[in-house]
Amino acid sequence: MLAVLSPGQGSQKPGFLAPWLELPGAEARLRWWSALSGVDLVQLGTEAGADEIKDTARTQPLLVAAALLAAERLPMHDVALVAGHSVGELGAATLAGVLSAEAAVTLAGVRGREMAAACALEPTGMSAVLGGDPDEVLAAIEAHGLFPANRNGAGQVVAAGAIDALAKLAAEPPAKARVIALQVAGAFHTPFMAPAEQALASVAAGITPADPTRILLSNLDGNAVTHGRELLTRLVRQVTAPVRWDLCMRTLADLGVTAVIELPPAGTLAGLVKRELKANGIEIVTLNTPDDLPAARDLVARHGVAPSHEPAPQFRVVVAGGAGMFAPSDGLAEGDVVRTGQVIGHVITRQGPVDVAAHSDGLLTEWLAHHDDPVAPGQPLARIGGQPA
């Protein structure tokens with residue numbers, strides 16, 4: 001199985017989009033997205049210096065646009081799974097068919113501007129905590145009144161909060177851990193970003209999302225999201241909620257992912273995957289310039305989903321949102337009528353039971369998993385077809 005990953009803030013480099021603008025239609029695409037996002041993506045991706053593209057209001061739409069621009073050159077119909085880190089989730093949502101590219105770039109512009117404005121309200125920041133016992137690291141972060149904003153796996157947790165509290169954490173680090181201050185504008189993915197979340201929610205309310213057409217993992221809990229409206233709600237909530245990239249990588253392992261392509265500017269997520277899942281023997285391609293496209297396309301050809309010309313089935317499949325053991329609802333049998341939103345079972349995960357709900361009215365035509373069957377995120381659990389009488 002192949003996964004395509006969309007990176008988040010901090011991965012940008014000066015001039016990283018310049019080679020892509022040599023491709024036909026690329027500059028026109030970026031100028032259209034510039035009009036929607038409110039920033040000059042062409043100038044930012046080619047001429048701007050490190051300080052200019054570090055500005056949250058500029059960085060976020062730039063990263064989403066870069067990922068989408070590169071993904072347009074890949075045979076995405078053969079890709080089974082997508083995920084993004086922080087603002088990269090907007091790019092992943094587009095690749096999964098939930099959002100249009102225009103909606104994703106527009107939301108990235110709003111998200112970036114509003115998060116930058118929230119950062120200006122009081123002095124906050126972020127620090128990477130490297131190494132140490134995970135439980136002790138989290139306890140130390142909490143003890144200093146800080147938040148674990150990013151849990152990236154591979155012995156890396158990012159603490160966020162007030163500047164003075166971060167200084168105290170650096171002066172009293174957890175055992176066998178190092179604390180490194182990050183050059184960011186404020187405490188992303190914490191309650192300090194509440195004004196930005198509210199502003200983003202007001203814009204997102206006007207968008208009509210579609211349901212994902214491939215497996216789409218969420219930063220909130222690493223689970224696969226099967227409904228577009230739920231994903232949009234999660235994207236808004238993610239502004240103040242921690243990024244659980246560690247759980248996303250656990251899901252990649254649970255699903256047996258064999259290959260990963262990281263979209264530009266690539267390298268950060270590929271490094272985390274390599275360190276965390278090195279025992280799985282995953283092949284990785286970092287797609288940074290058009291020169292990397294042949295290697296990426298080869299990876300898709302060898303690890304992607306074979307295209308199908310079969311007629312589209314006249315039923316919908318309910319899939320697992322997380323890894324665990326499946327438990328169908330008591331008394332529910334094949335042939336029974338189910339209604340939209342009805343809970344038809346649960347997946348018992350490491351974090352507790354997760355509801356499995358029908359996403360349309362119809363007949364439960366077939367169970368695809370049974371009681372106590374182990375299931376992975378995105379695995380089909382039941383077919384719902386026809387219309388109830």
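Residues numbered from 1 in each chain as written. Predicted model: local features only at pLDDT ≥ 70, side-chain atom pairs only at ≥ 80, totals over all residues. Heavy atoms only, no water.

Peer 1: Explain the sheet that holds strand 7 (residues 215–216) to me, using residue names and the numbers behind them.
Peer 2: Pairing in this open sheet of 5 strands is parallel, and the strands run 7-2-1-8-9 from one edge to the other. Each edge of the open sheet is held by one strand with a lone partner, namely strand 7 and strand 9 (283–286). (Pairing = 2+ DSSP bridges. Helix = DSSP H or I, 4+ residues; strand = E, 2+ residues; numbered from the N terminus.)

Peer 1: Just give me the short version of the nonpolar core, but keep the residues and values in it.
Peer 2: Formed by 74 residues in total, the largest nonpolar core has its most connected members in Leu99 and Ile261. Dropping the residues within four chain positions of it, Ile261 is found in contact with Leu2, Ala3, Val4, Leu5, Leu74, Val285, Leu287, Ala296, Leu299 and Val300. (Core = buried A, V, L, I, M, F, W, Y, C linked by side-chain atoms within 4.5 Å. Buried < 20%, exposed > 50% of the residue type's maximum accessible area, 1.4 Å probe, protein only. Contact = heavy atoms within 4.5 Å.)

Peer 1: Can you lay out the pairing of strand 3 (residues 124–131) for me, pointing to particular residues and giving the numbers?
Peer 2: Summarising burial for strand 3: 6 of the 8 residues are buried, a large majority. Note that strand 3 and strand 5 (residues 156–162) share 7 bridges and pair antiparallel. Bridging from a neighbouring strand, Leu130 pairs with Gln156 of strand 5. Note that strand 3 and strand 6 (residues 177–181) share 5 bridges and pair antiparallel.

Peer 1: Pulling in residues and values, what's your account of the domain arrangement of the protein?
Peer 2: Per the domain assignment, the segments of the protein are domain 1 (2–118 + 190–303), domain 2 (120–182) and domain 3 (315–385). Taking only C-alpha atoms, the centre of domain 2 and the centre of domain 3 are 39 Å apart. (Domains from an automatic or database assignment.)

Peer 1: Got a sec to walk through helix 4 (residues 56–71)? Specific residues and values, please.
Peer 2: Given a rise of 1.5 Å per residue, 16 residues ought to cover 22 Å, and the 23 Å separating the end C-alpha atoms of helix 4 matches this to within 8%. The element helix 4 is largely enclosed, with a buried count of 15 among its 16 residues. Taking the backbone nitrogen of Ala57 as reference, a side-chain oxygen 3.1 Å away marks Asp55 as the first, capping residue of helix 4. (Expected span 1.5 Å × (residues − 1). Polar contact = N/O pair within 3.5 Å; in protein donor to acceptor, adjacent residues only side chain to side chain.)

Peer 1: Can you explain the sheet that holds strand 16 (residues 374–375)? Please cite residues and give values.
Peer 2: With antiparallel pairing, the 4 strands of this open sheet are ordered in space as 14-13-11-16. Lying at the two open borders of the sheet, with one neighbouring strand each, are strand 14 (352–357) and strand 16. Relative to strand 13 (residues 343–349), strand 11 (residues 324–328) is paired through 4 bridges, and the arrangement is antiparallel. Directly across from Pro328, in strand 13, lies its bridge partner Gly345.

Peer 1: Please set out the packing of aromatic side chains residue by residue, giving values where relevant.
Peer 2: How two aromatic rings sit relative to each other is set out by the distance from centre to centre and by the angle between their planes. Considering all chains together, one arrives at 2 aromatic pairs under this definition. An angle of 55 degrees between the planes, with centres 5.9 Å apart, marks the rings of Phe326 and Trp367 as tilted. Remark: Trp367 occurs in strand 15 (residues 362–367) and Phe326 occurs in strand 11; sequence separation between them is 41 residues. With a relative accessible area of 10%, Trp367 lands in the buried category. (Phe/Tyr/Trp six-rings, centres within 6.5 Å; stacked < 30°, edge-to-face > 60°.)

Peer 1: Go over the pattern of salt bridges, please, and point to the residues and values.
Peer 2: If charged atoms from side chains of opposite charge come close, those side chains can pair. Tallied over the entire structure, the rule returns 13 salt bridges. Measuring nitrogen to oxygen at the nearest pair gives 3.9 Å for the salt bridge that ties Lys54 to Asp51. One end of the pair, Lys54, and the other, Asp51, are both in helix 3 (residues 50–54), 3 residues apart, so they sit about a helical turn from each other. A salt bridge links Arg234 to Asp221; the nearest nitrogen and oxygen atoms lie 3.0 Å apart. (Salt bridge = Lys/Arg side-chain N within 4 Å of Asp/Glu carboxyl O.)

Peer 1: Kindly report on the environment of Ala48, identifying the contributing residues and their values.
Peer 2: Tracing the sequence through the fold places Ala48 in the loop between helix 2 (41–46) and helix 3. By relative accessible area, which is 3% here, Ala48 ends up buried. Put simply, Ala48 and Gly15 are 33 residues apart on the chain and 7.0 Å apart in space, counted from C-alpha to C-alpha. Setting aside anything within four residues of it in sequence, one finds Ala48 in contact with Pro14, Gly15, Gln43 and Ile53.

Peer 1: How would you explain unusual backbone geometry if you had to name every residue and give the values?
Peer 2: Here the bond from Pro264 into Pro265 is cis, since omega is -5 degrees, no more than 30 degrees from zero. For Pro265, the position within the fold is in the loop between strand 8 (259–262) and helix 12 (268–276). Of note in the backbone geometry, Ser86 takes a positive phi value of approximately 60 degrees without being a glycine. Along the chain, the position of Ser86 falls in the loop between strand 2 (81–84) and helix 5 (88–95). The backbone phi angle of Lys176 is positive, close to 60 degrees, even though this residue is not glycine. Looking at the secondary structure, you find Lys176 in the loop between helix 8 (163–171) and strand 6. On the basis of relative accessibility, which here comes to 82%, the residue Lys176 falls in the exposed class.

Peer 1: Explain the packing of helix 4 against helix 5 to me, and be specific about the residues and the numbers.
Peer 2: Relative orientation of the contacting elements helix 4 and helix 5 amounts to 30 degrees, with a least axis distance of 8 Å. In this view, helix 4 runs roughly parallel relative to helix 5, as classed from their interaxial angle. The chirality of how helix 4 crosses helix 5 is right-handed. Across the interface between the two elements, Val64, Leu68 and Ala71 from helix 4 touch Leu90, Gly91, Thr94 and Leu95 from helix 5. When its residues are assigned to classes, the contact of helix 4 with helix 5 shows 5 nonpolar, 2 polar and no charged. (Axes fitted to C-alpha atoms, helices over the stretch in contact; angles between N-to-C directions. Parallel < 35°, antiparallel > 145°, perpendicular 65-115°, else oblique. Left-handed = near helix turned anticlockwise from the far one by under 90°. Nonpolar A, V, L, I, M, F, W, Y, C, P; charged D, E, K, R; others polar.)

Peer 1: Explain the environment of Asp355 to me, and be specific about the residues and the numbers.
Peer 2: Within the secondary structure, Asp355 sits in strand 14. For the pair formed by Asp355 and Ile215, sequence separation is 140 residues and the distance between their alpha carbons is 18 Å. Ignoring anything within four residues of it in the chain, the contact list for Asp355 reads Val343, Gly345 and His346. A polar contact is formed between the side chain of Asp355 and the side chain of His346, at a distance of 3.1 Å.

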